[in-house]
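Analysis of the macromolecular model
Residue-level listing of the chains:
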Amino acid sequence: MSSNPSPTALIVGASRGLGLTMAEEYAKRGWHVIATVRGTGKTALHELAQRSEGRIEIESVDIANADEITSLRQRLQSRKFDLLFVNAGVANDPEETAGAVSTDEFVRVMVTNALSPMRVIEQFESLVSSTGTIGVMSSGLGSVADNESGGWDVYRGSKAALNTMMRSFAARQAGNSRPLVIIAPGWVRTDMGGPNAALDVHESIRGVVDTITSCAGKPGLRYLDYRGHTIRW
Ligand SMILES: NC(=O)c1ccc[n+]([C@@H]2O[C@H](COP(=O)([O-])OP(=O)(O)OC[C@H]3O[C@@H](n4cnc5c(N)ncnc54)[C@H](OP(=O)(O)O)[C@@H]3O)[C@@H](O)[C@H]2O)c1
């Protein structure tokens with residue numbers, strides 16, 4: 001048995017798209033991955049886990065359900081993570097302005113994209129090793145400074161809210177040695193990004209994982225794109 005076990009990642013929201021490919025990429029790089037889906041149905045992650053020779057374990061959580069986050073925390077309480085990454089997110093119709101969006105839809109996007117990732121991070125933070133990394137999947141659309149074209153009003157607002165809450169979390173972590181990272185993956189061909197997006201999912205995720213890896217040993221919060229470039233807040 002190896003005296004130097006594989007590093008372990010918890011990737012939340014990995015049934016498909018960017019999260020699924022992230023689980024695949026970390027497993028390929030020798031990590032042990034616990035990756036989550038919603039519910040009990042079979043997903044592409046289940047097929048990937050079957051081929052992974054035990055490198056990928058599957059857990060279940062709907063992050064918009066606070067009780068499910070608490071249950072997952074209890075199930076994983078004896079584990080230690082070198083990376084906690086919350087990828088899960090949803091989009092709404094990009095044309096819906098504040099005047100047009102229903103309250104229910106606004107709440108769905110905000111709760112899923114801003115409140116829930118922070119709940120996961122606050123509940124799981126103590127399971128991340130003292131030098132481990134905590135990250136979230138945001139978007140370039142979450143940049144307030146770069147918003148000169150408008151559109152995607154509600155989705156942008158949700159990712160900007162996520163970024164701001166990560167800043168508050170980081171401020172509370174000052175003096176701590178953990179790297180904290182907010183990632184913008186680029187415009188990627190997934191169910192959310194659509195077929196006309198600029199990037200293949202593997203190209204984006206290779207860059208995302210390289211970027212997260214490059215943050216190792218660098219405490220503090222960074223807002224970076226998949227090429228490792230800093231994004232303006
Ligand atoms: N694609 C892009 O161009 C792009 C650009 C910038 C940022 N992003 C961000 O990247 C992340 C992944 O996007 P994607 O393109 O891979 O989207 P996607 O193909 O629609 O996949 C979204 C993932 O999030 C999960 N999810 C959604 N709501 C959840 C919840 N309440 N609890 C747990 N899991 C939940 C989904 O699970 P189910 O299968 O159960 O629905 C799925 O695994 C999102 O945060 C998104 O905002 C994407």
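So, a few notes on the structure that sits alongside this text. As the structure is a computational prediction, the values presented were derived from the model and not from experiment.

What to know about the site of the ligand
Around the ligand, a shell composed of 29 residues is seen, among which S15, R16, R38, Y155 and T190 lie nearest. A distance of 2.5 Å is found between an oxygen atom of the ligand and a side-chain nitrogen or oxygen belonging to S15. T190 places a polar side-chain atom, nitrogen or oxygen, 2.5 Å from an oxygen atom of the ligand. Within the complex, the protein chains bury 92% of what would otherwise be the 890 Å² of accessible surface of the ligand. Here the ligand occupies the largest pocket. Contributions of two or more residues to the shell around the ligand are made by α1 (17-28) and α5 (153-172).

Looking at the pairing of strand β2 (residues 32-37)
A large share of β2 lies buried, amounting to 6 of its 6 residues. Residues H32, I34 and T36 point to one face of β2 and V33, A35 and V37 to the other, with burial holding for every one of them. Once you follow strand β1 (residues 8-12) into α1 and on to β2, the crossover reads as right-handed. Crossover connection from β2 via helix α2 (residues 44-50) to parallel strand β3 (residues 56-60): handedness right-handed.

Points about the pattern of salt bridges
Inspection of the entire model under this criterion finds 11 salt bridges. With a shortest N-O distance of 3.1 Å, E122 and R172 are connected by a salt bridge. Taken together, the residues E122 in helix α4 (residues 103-124) and R172 in helix α5 connect sequence positions 50 residues apart. Look at R172 and you get exposed, because its relative accessible area is 55%. Within the structure, one salt-bridge network assembled from shared partners comprises E25, K28, R29 and D210.

Notes on the packing of helix α3 (residues 66-75) against α4
Packing of α3 against α4 leaves a shortest axis separation of 10 Å and a crossing angle of 25°. On the basis of their axis angle, the class for α3 and α4 is roughly parallel. Our pair here, α3 against α4, has a crossing hand that is right-handed. Residue-level contacts link A66, I69, T70, L72 and R73 of α3 to S116, R119, V120, Q123 and F124 of α4. For the contact of α3 with α4, a count of residues per class yields 5 nonpolar, 3 polar and 2 charged.

Points about the packing of aromatic side chains
This model, assessed by the stated rule, comprises 3 aromatic pairs. Centre to centre, the rings of Y26 and W31 are 4.9 Å apart; their planes meet at 65°, and the pair counts as edge-to-face. Pairing Y223 with W233 gives two aromatic rings, centres 5.2 Å apart and planes at 35°, and the pair type is tilted. With a gap of 10 residues between them, Y223 in strand β7 (residues 220-225) and W233 in the segment after β7 connect regions that are remote in the sequence. A relative accessible area of 2% means that Y223 is categorised as buried. Sitting over the face of the ring of W233, R167 holds its NZ or CZ atom 4.6 Å from the ring centroid.

Concerning the packing of α1 against helix α6 (residues 201-214)
Packed helix pairs are characterised by how far apart their axes lie and by the angle those axes make with each other. Contact geometry of α1 with α6 gives a least axis separation of 9 Å together with a crossing angle of 60°. In this view, α1 runs oblique relative to α6, as classed from their interaxial angle. In the packing of α1 onto α6, the handedness of the crossing is right-handed. Within the contact between the two elements, α1 uses G17, L18, T21, M22, E24, E25 and Y26 and α6 uses V201, H202, S204, I205, R206, V208, V209 and I212.

A few points about the sheet that holds β7
Sheet architecture is open: 7 strands sit in the order β3-β2-β1-β4-β5-β6-β7, paired in parallel fashion. Edge strands, defined here as strands with exactly one partner in the open sheet, are β3 and β7. Taken pair by pair, the neighbouring strands of this sheet meet at an average axis angle of 20°, ignoring direction. Pairing of strand β5 (residues 128-137) with strand β6 (residues 179-184) involves 4 bridges; the strand directions are parallel. Residue pairing for β6: M137 is matched across the bridge by I183. Strands in contact with α6 are β4 (81-86), β5, β6 and β7; relative to β6, the strand with the most contacts, it is inclined by about 160°.

Conventions adopted
- Residues numbered from 1 in each chain as written.
- Predicted model: local features only at pLDDT ≥ 70, side-chain atom pairs only at ≥ 80, totals over all residues.
- Heavy atoms only, no water.
- Near = heavy atom within 4 Å.
- Polar contact = N/O pair within 3.5 Å; in protein donor to acceptor, adjacent residues only side chain to side chain.
- Areas by Shrake-Rupley, 256 points an atom, 1.4 Å probe, with all protein chains shown as cover.
- 1 Å grid on protein atoms, 1.4 Å probe; cavity = no way out; pocket = protein on both sides within 12 Å on 5 of 7 lines; lining within 4 Å.
- Sits in = over half its atoms within 2 Å of the grid points.
- Helix = DSSP H or I, 4+ residues; strand = E, 2+ residues; numbered from the N terminus.
- Buried < 20%, exposed > 50% of the residue type's maximum accessible area, 1.4 Å probe, protein only.
- Right-handed = clockwise from strand over helix to strand, strands pointing away.
- Salt bridge = Lys/Arg side-chain N within 4 Å of Asp/Glu carboxyl O.
- Axes fitted to C-alpha atoms, helices over the stretch in contact; angles between N-to-C directions.
- Parallel < 35°, antiparallel > 145°, perpendicular 65-115°, else oblique.
- Left-handed = near helix turned anticlockwise from the far one by under 90°.
- Contact = heavy atoms within 4.5 Å.
- Nonpolar A, V, L, I, M, F, W, Y, C, P; charged D, E, K, R; others polar.
- Phe/Tyr/Trp six-rings, centres within 6.5 Å; stacked < 30°, edge-to-face > 60°.
- Lys NZ or Arg CZ within 6 Å of the ring centre and 35° of its normal.
- Pairing = 2+ DSSP bridges.

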